[in-house]
Every structure is written in C-alpha cells, then in structure tokens.
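Observations on chain architecture
Here are the chains, one letter per residue:
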Amino acid sequence: MGAEKTDAIAYHTSKGKFPDVSDHDGESIQAPPRYTLQRKLENRHIAMISIGGVIGTGLFVGTADSLMYGGPIGLLLGYIVMGSIVYCVMITLGEMVAFLPIPGGHIKLAERFVDPAFSFTMGWSYWYSWMISSPSEISAAALLINYWNNTVNNSVWVVICLVVVVTINMLGTGAYGEAEFIFASIKVITITGLIILGIVIDLGGGPNHDRIGFRYWKNPGPFVQYNGIGGAKGRFLGWMAVLTQAAFSFIGTEIVAIAAGEAKNPRRTLPKAIRRVYIRILLFYIGGTLVIGLLVPSNNPLLQLNSGTAQSPFVIAIETAGIKSLPSIVNACLLTSACSAASSDLYTASRAIYGLAASGNASKFFLKTTRNGLPYVAVLFCASFSLLAFMAVSTNAGSVFNWFANMSSIAGLMSWFGISVTYLRFYKGMQVQGIDRKTLPYFTNLQPYAAWWGVVSTITICLFSGWSVFLKGNWNTATFVTNYLLFIAWPIAYVGARLYYGTKPVAAEDMDFKSDLAEIVADSYDEPPPKNKMEAFSAWLM
C-alpha cells in the first residue's frame, strides 16, 4: 500500500460490493443456530453500563485492605497509576470496537489482527476473569450483610444473591440493561453522596463536629511501612501492595466492548461512553480514595478484611462521625452494588464464552440462543461457577473475597495486555493498508503510546503482584497460587494453541478490516435532535 491515506468506509466500498457477511463472519463459519444475539441495549444502557463497570465492591470494600497496606498517600497514588492504565486501555479498545462493534468484542478482534491462538488464550483468560469475579462479588455481598447479622449462615445470603443475579440474566439483554441502569444509577448517587458527605465530615460538619482535615496523613502517617520494613523500601512495597487491589476495582471498565455486539447504534453510543471514562475515573475513583484516606486512619482494625468483622471504609467513617442510621442505609446501597457487579460479571462471562464459540475456540453448543437472542446455554454454564461463592460458608468471607479478587485482577490485567497488543497490530494494519485513522468513528492522537503503556504496565504489575510471599517468613500458598496461576498459564496456553492449531500471526497486509462492516454501517443512524433543554442535558450526560 502507498503512503496515501484512505477513508475507512471508502476503502472498503472501493473494493467493490461488500461480500456476504456469512462468508466471513466467524459465527457463520461455525454454523451457528437459527437465533443469534440481538442489539437491544440503548444509549442510556451503554452509558450506565460503562459507569457501572467502573464502580463496584473493589472501591467500596477492597479499598479497606489497600488503605491498611499503603496508607492514604499510597492508596491515592496506587489508584492514580492504575487509573492512567485504565484510561489508556479504554481509548485503545474504544478505537477498535467503535469501528467494529461485533459479538465477542476484543476476543474476535484479536483473531483478526493478531493470531487465532492469541484470541484463544485471550478469550479463555477473559472468560476466566469474569467467571471468577461473580463469586467474588457474591462473597463480598455476604461480607456486607454480616454488618447487620453475622449469626446467620453465609450460605443463605449466597443463595439469595445467586437467585437475583441468575434471574436478571435469564430475563434477557433488555432486562439486564434496565436492571443495570437502575443499579448503576444507585451506585453513582451513592458514591457521589459519599464523597460530598466525606468532605463535610472532614471539615467538621458531622454530629461530633470533629474537624479531621489531614490529621491521619500525619498520624499514623501518609504511608505504611509494609510488614515493618523501614525507610523508602517499606513505603514503596506498601504502594505496590495497592496496585493489584486497585486493578480489581477497575476491572470491568472494558465491559462496553462485550456489550457492543448487542448495542443499538454502536458507532454513536460507544465513542460517547469512551470519551467520558476519564471523568468517571477522576470523580469516582480518585475522588473516592482521597476521601477515604482523609476519614479513616490506616491502622483502624476494622479495615482487615480477613478479620471477619471488616467494614467498608465509608461505613467506618460514618460510624466514627456519629451519624445514626446512615451506616445501614449506605451498607444497603453497597449491597446493591455487589449484586449489580455480580450480574454484570455473569453477563460478560456468558458473552465471552459465546465469542469463544463463535471463533471456534469453544463448543458450538454455547452458540445456542433463544428466539429473543439470549445465549441461555452460555448463561447457565457460567452461572454454575458462581457456586464457588459457597466457599464463603466454610471460610471467612473476607478471605474468600481476597482470593477471588487476586485471581480476577491478574486475569483482568492480562486481558488489558491482550487488548493493547491487539491494538498495536490493528494500528500497524491501518498503516500498511493505507487507512486514515482520523476517519474512524473514534480515534485519539495518544496512540500508539497509550497502547505501549498498557502493554508494559500490565505485565510489570502481574510479575510483581505476589511479591509479598517471597518476604522472609511471609510465604502463603493461597496468595502465590491466586496471583501467579493464570500469569504462568497464559504463555503456556498461547504456545500450546499455536502448536496445536498450527496458526501463525496475521500479516498486516492480510488483516481483515472488511467483514461485518456492511451490517454495522446499516445499523448506524443519526440520533434525533433534542426537543428541549432537559433532553439536551440527558443527551450530554448519557
């Protein structure tokens, strides 16, 4: 290809009539059933799903351990660094899925632009991440309920949460979208209210009129000396301990890629959702962790999740301020957050394995859908793994949450690594085939540097995620396994798939930027202009 750039759509149409989608679509190659996924998610659903994917028990509950290990500054810096990684991964992913919003999301895109074996590894890793996330959220729900009553067996709470989560997903994509819209709205209102309340309490506006200010940044201090290790080394290790948990908090931001295959007018809705990611990161995560560090000392014993009496840092702060009844109301809101996150986890896991089946990397049995487009086999199969949450019955719910959170974090980080690698190949293919990226539905001038930051940072964090077990006298088999199992299995799975299937990397000049595009363009339309100021505000917000 020459150096001259071409419009992305004109590039394809100039090659003649669009080929029949069935000739190229991975689903058709695998002889899918009569019914397939349907585009039922509206703009407001996608907007709230993208918000809801960012807010979960990682922020509300997991920050307890992070504050205890890293201190208020270590916690804040850890989330700032992870926020930069998430932003880079999202703009990287956004450019690809806004152009090709297909079922299977980045899993199918990896097959086109990298290597079918890479898609195989990335797909199963991504499915594993979400399969393991659902029981982690359910065990977190049990932990939250224990705030009110810890005499009832946790199996009761696990069953109730499972019924709610599975029912929402079995009612179909439309019901999931509506439920997530409601749940995400509650989460947004909750975290916004908690940040405002936290500022009021910090300035002495609580019933006890105690003006906290930056007191806890001075005593017990801005950083924690991890494991009693003195000096800068101990403070650095404390900050490192925050990163893996911070990753768990952010896992799910990329859910819009999987939802893209069922989104209405995806070329309009997805870019809007991607462009607002940085606002949500700054407001909810950076703002939330800043407030937590101001209100709760890092040596508060209730921060220890393994203690069995752990609480959300927000609940601890409200109780300390002497505000009656509100801790229970906030805890109830956090409980809906856990159920919402578990529902999203199951939704994403089922669509991930559907994408694997569409690529020929899983049984075609998972491609079965109802008349309304519900992949019921995939949903029920993934729901069966949520039974792992019953581990919270025989073991402390906080410990189980930490185990699942570690596994989900590493799997999620490796998925972000895969997304970044896929984009670098996508970027190269665009260059070689002379396609002008500026004609895409969404693009950014930060590329390819953002993608490289995603590649380097995710691998580095995974490599050092379980470093604490190597400290003298600190060995913990469960921590080692949950941090390194998938990280070690990833390259083994990739090499094994390369050898078994005999695949090789896709050359830049052979990359497929054409398949599915005709249908995607046909599904695109201009949104009607707002009729009044209220509709205009809603359109801007969503």
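The structure this text deals with has already been given above.
The notes below deal with the structure included here. Keep in mind that this is a model prediction, so the values were computed, not measured. (Residues numbered from 1 in each chain as written. Predicted model: local features only at pLDDT ≥ 70, side-chain atom pairs only at ≥ 80, totals over all residues. Heavy atoms only, no water.)

Of the regular secondary structure elements, the chain holds 23 helices and 0 strands. Classification of the 542 residues of the chain by burial places 60% in the buried group. For the chain, contacts bridging at least 24 residues in sequence account for 83% of all contacts bridging at least 6. Approximately 20800 Å² of the chain is accessible, and the part contributed by carbon and sulfur atoms is 64%. (Helix = DSSP H or I, 4+ residues; strand = E, 2+ residues; numbered from the N terminus. Buried < 20%, exposed > 50% of the residue type's maximum accessible area, 1.4 Å probe, protein only. Contact = heavy atoms within 4.5 Å. Areas by Shrake-Rupley, 256 points an atom, 1.4 Å probe, with all protein chains shown as cover.)

Remark: helix α7 (residues 116-145) packs on helix α16 (residues 326-358), axes separated minimally by 8 Å, with the N-to-C direction vectors making an angle of 160°. Judged on the interaxial angle alone, α16 and α7 are roughly antiparallel. The interaxial crossing formed by α7 with α16 has left-handed handedness. For the contact of α7 with α16, the class distribution of residues is 19 nonpolar, 7 polar and 2 charged. (Axes fitted to C-alpha atoms, helices over the stretch in contact; angles between N-to-C directions. Parallel < 35°, antiparallel > 145°, perpendicular 65-115°, else oblique. Left-handed = near helix turned anticlockwise from the far one by under 90°. Nonpolar A, V, L, I, M, F, W, Y, C, P; charged D, E, K, R; others polar.)

Glycine aside, residues mostly have negative phi angles, and peptide bonds mostly take the trans form. The omega torsion across Asn219 and Pro220 is 15°, close enough to zero to call that bond cis. Mapped onto the elements, Pro220 comes out in the loop between α10 (215-218) and α11 (231-250). Residue Pro448 is bonded to the preceding Gln447 through a cis peptide linkage, with omega at 5°. You will see that His209, though not glycine, has its phi angle at about 55°, which is positive. With respect to the helices and strands, His209 occurs in the loop between α9 (173-202) and α10.

Mapped onto the fold, Asn483 is located in helix α21 (residues 477-501). Each residue touching Asn483, except ones within four places of it in the same chain, is listed here: Thr244, Asn406, Ile410, Ser465 and Gly466.

Locating Ser408 in the fold gives a position in helix α19 (residues 397-432). The sequence separation of Ser408 and Ser125 amounts to 283 residues, and the corresponding C-alpha distance is 9.7 Å. If we ignore the near neighbours within four places in the chain, the residues touching Ser408 are Ser129, Ile132, Ser133, Phe248 and Ile251.

So, about the environment of Leu243. The residue Leu243 is located in helix α11 in this model. What makes Leu243 buried here is its relative accessible area of 4%. The spacing of Leu243 and Ile80 is 163 residues in sequence and 9.8 Å in space, taken between C-alpha atoms.

What follows concerns the pattern of salt bridges. Considering all chains together, one arrives at 4 salt bridges under this definition. For the salt bridge of Asp115 with Arg498, the shortest nitrogen-to-oxygen distance reads 3.6 Å. Linking Asp115 in the loop between α6 (106-113) and α7 with Arg498 in helix α21, this pair joins segments that are 383 residues apart in sequence. Given the relative accessible area of 0%, Asp115 is considered buried. (Salt bridge = Lys/Arg side-chain N within 4 Å of Asp/Glu carboxyl O.)

Below, the discussion takes up the nonpolar core. In terms of nonpolar packing, the biggest core is built from 148 residues, with Met82, Trp127, Trp416 and Phe426 touching the most fellow members. For this core, the element with the highest residue contribution is helix α5 (residues 57-99), accounting for 21 residues. The residues touching Trp127, leaving out its near neighbours within four places in the chain, are Ala349, Ala352, Ile353, Leu356, Phe381, Cys382 and Phe385. If you look at the next biggest cluster of nonpolar residues, it comprises 6 residues, including Ile168, Phe183, Ile255 and Tyr347. (Core = buried A, V, L, I, M, F, W, Y, C linked by side-chain atoms within 4.5 Å.)

Another aspect to go through is the packing of helix α8 (residues 154-170) against helix α17 (residues 376-384). Taken N-terminus to C-terminus, the directions of α8 and α17 make an angle of 170°; their axes are 10 Å apart at the nearest point. When the axes of α8 and α17 are compared, the pair comes out roughly antiparallel. Of the residues in α17, those touching α8 at Val166, Asn169 and Met170 are Tyr376, Val379, Leu380 and Ala383. In terms of residue class, the contact of α8 with α17 is made up of 6 nonpolar, 1 polar and no charged.

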